[in-house]
Amino acid sequence: MPRFRKSSRMLAPEDFAAVKKRGRAARSGPMAVAFLSGGAVRLGIAVSAAVGNAVERNRIKRVVREFFRLNRAMFPDGDCVVIPGRGVAQMKNEEIRQRLARALLMLSK
């Protein structure tokens, strides 16, 4: 079973800023994904406090990390930042996964 290793995580604030500034983005409802090509596949998750309380934000992050772990082939090579917007906290886990998959498909075109 694949793991979500430290080498697959975006941790530095500069990396997040570079993806948001120079990358392309796709949106599926309130779920946005920004992508900057190059290097290995890495995932970053940016969930603002406006999305919901800490419990809701942590659930969203768990769902996104699990989706990444199980569907790494859907992610293009490079850095991806998932940016859930308002309304994602009210979605069921399956809908979050569907929105994320739809945004990734838009990025791959």
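Up top you'll find the structure we're talking about.
Residues numbered from 1 in each chain as written. Predicted model: local features only at pLDDT ≥ 70, side-chain atom pairs only at ≥ 80, totals over all residues. Heavy atoms only, no water.

Peer 1: Looking at this structure, how should I read the overall build of the chain?
Peer 2: Assigned secondary structure in the chain consists of three helices and four strands. Its C-alpha atoms give the chain a radius of gyration of 13 Å, near enough to 13 Å, the size a compact globule of 109 residues would have. Expressed as a percentage of its 109 residues, the buried residues of the chain come to 43%. Contacts spanning at least 24 positions in sequence make up 80% of the contacts within the chain whose residues lie at least 6 apart. (Helix = DSSP H or I, 4+ residues; strand = E, 2+ residues; numbered from the N terminus. Rg over C-alpha atoms; globule rule 2.2 N^0.38 Å. Buried < 20%, exposed > 50% of the residue type's maximum accessible area, 1.4 Å probe, protein only. Contact = heavy atoms within 4.5 Å.)

Peer 1: Help me understand the sheet that holds strand β4 (residues 78-84) in this model?
Peer 2: Strand pairing in a sheet relies on backbone hydrogen bonds, with the paired strands running either antiparallel or parallel. Strand order across the open sheet formed by four strands is β1-β2-β4-β3, with mixed pairing between neighbours. For this open sheet the edge positions go to β1 (24-28) and β3 (42-45), each flanked by a neighbour on one side alone. Averaged over all adjacent pairs, the angle separating strand axes in this sheet is 20°, with direction ignored. Those strands touched by helix α1 (residues 13-22) are β1, β2 (31-37), β3 and β4, and its axis lies near 95° from that of β2. Set on the sheet, helix α2 (residues 54-70) makes contact with β3 and β4; between it and β3 the angle comes to about 165°. (Pairing = 2+ DSSP bridges. Axes fitted to C-alpha atoms, helices over the stretch in contact; angles between N-to-C directions.)

Peer 1: Honestly, the nonpolar core in this entry has me stumped. Any pointers?
Peer 2: Counting 27 residues, the largest nonpolar core has Leu43, Ile60 and Phe75 as its most contacted members. When contributions to this core are tallied by element, the ones reaching two or more residues are β2, β3, α2, β4 and α3 (93-108). Residue contributions to this core peak at six residues, all from α3. Those residues in contact with Phe75 that lie beyond four places of it in its chain are Val41, Leu43, Phe67, Phe68, Cys80 and Leu104. With eight residues, the next largest nonpolar core counts Met10, Phe16, Ala34 and Val81 among its residues. (Core = buried A, V, L, I, M, F, W, Y, C linked by side-chain atoms within 4.5 Å.)

What is shown is where atoms sit, not what they do.
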